[in-house]
Amino acid sequence: MDLDHDAIPPDVPDEDRRFFLKQSMFFAGLSMAPADFLQAALAPDDGPVGNAVKVKLSLTVNGKRRRISIDPRMTLLDLLRENMGLTGTKKGCDFGQCGACTVHVDGRRTLSCLTFAVMQHGAKVTTIEGLSDGEKLHPLQEAFIKHDGFQCGYCTPGQVMSGVACIREGHAGSADEVREYMSGNLCRCGAYPNIVDAILEVKKEGTKV
């Protein structure tokens, strides 16, 4: 389809002329699109696929054996928060980029927002709620308080869980090493220096974590 440039008054600004030409080309292309394509584009969404068949899951969470039937599409994060009421584990980015959802699975730090719950059948999961011994805080929790390793506190559970793992993994030999192995945990408040100090203190004291 040829566009009649003379149809545009000469006193129309260039930006308006370009907009008019683009709009004309769009509608010209739309008029040549197959009817099936247009019907598919205008058709309403099919809606939700429906509920998946639930599967049985058995795992140990903070020392307690739990048996539950869940949607196989559920993440470990949602299982802990929505089904078990363990809201200490935070949902931050939901893309595995901030570390707020960090828990321990069989002793290893895991991003629970990227982990399907059904994949943890038979596993031992520890959340921030299970880190302390009753009313007695974990040594790293106490160190975070002592060194002001938090401000708003939203990222703190994930920071603590990763910090404990960092020490257990043998990656807390220096400030640089701690920063490297804690780099997956973001703190928008910028409490990084204090978090590093807390981890180094617990490592230096040789306290079992």
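Residues numbered from 1 in each chain as written. Predicted model: local features only at pLDDT ≥ 70, side-chain atom pairs only at ≥ 80, totals over all residues. Heavy atoms only, no water.

### Quick word on the sheet that holds strand β4 (residues 108–111)
Two modes of strand pairing occur in sheets, parallel and antiparallel, and in both the strands are linked by backbone hydrogen bonds. The five strands are arranged β2-β1-β5-β3-β4 in an open sheet whose pairing can be described as mixed. Among the strands making up the open sheet, the edge pair consists of β2 (64–70) and β4. For this sheet, the mean angle separating the axes of adjacent strands, direction not counted, is 40 degrees. Inspection of the sheet shows strand β1 (residues 55–61) paired to β2 by seven bridges, in the antiparallel sense. Within the sheet, the bridge partner assigned to Leu59 lies in β2 and is Arg66. (Pairing = 2+ DSSP bridges. Helix = DSSP H or I, 4+ residues; strand = E, 2+ residues; numbered from the N terminus. Axes fitted to C-alpha atoms, helices over the stretch in contact; angles between N-to-C directions.)

### Quick word on the packing of helix α5 (residues 156–168) against helix α7 (residues 192–205)
Taken N-terminus to C-terminus, the directions of α5 and α7 make an angle of 40 degrees; their axes are 10 Å apart at the nearest point. Taken together, the axes of α5 and α7 lie oblique to each other. Pair α5 / α7 crosses with right-handed handedness. From α5, Gln159, Gly163 and Ile167 reach across to α7, where they touch Ile195, Ile199, Val202 and Lys203. Class assignment for the residues of the contact of α5 with α7 results in four nonpolar, two polar and one charged. (Parallel < 35°, antiparallel > 145°, perpendicular 65-115°, else oblique. Left-handed = near helix turned anticlockwise from the far one by under 90°. Contact = heavy atoms within 4.5 Å. Nonpolar A, V, L, I, M, F, W, Y, C, P; charged D, E, K, R; others polar.)

### Quick notes on the side chain of Ser112
Along the polypeptide, Ser112 turns up in the loop between β4 and β5 (124–126). Discounting chain neighbours no more than four positions away, the residues touching Ser112 are Thr75, Leu76, Leu77, Thr89, Cys101 and Val103.

### Focus on the nonpolar core
Core analysis: the largest hydrophobic core is formed by 22 residues, its most contacted members being Leu140, Val160 and Ile199. Secondary structure elements with two or more residues in this core: α4 (139–146), α5 and α7. Ranked by size, the runner-up nonpolar core spans 15 residues in total, among them Leu79, Leu86, Val103 and Ala123. (Core = buried A, V, L, I, M, F, W, Y, C linked by side-chain atoms within 4.5 Å. Buried < 20%, exposed > 50% of the residue type's maximum accessible area, 1.4 Å probe, protein only.)

### Here's the deal with the side chain of His104
Among the secondary structure elements, His104 is positioned in strand β3 (residues 102–105). Within the structure, the side chain of His104 is placed 2.7 Å from the backbone oxygen of Met161, a separation counted as a polar contact. Once residues lying within four places of it in the same chain are set aside, the contact partners of His104 are Arg109, Lys124, Val125, Thr126, Met161, Val164, Ala165 and Arg168. (Polar contact = N/O pair within 3.5 Å; in protein donor to acceptor, adjacent residues only side chain to side chain.)

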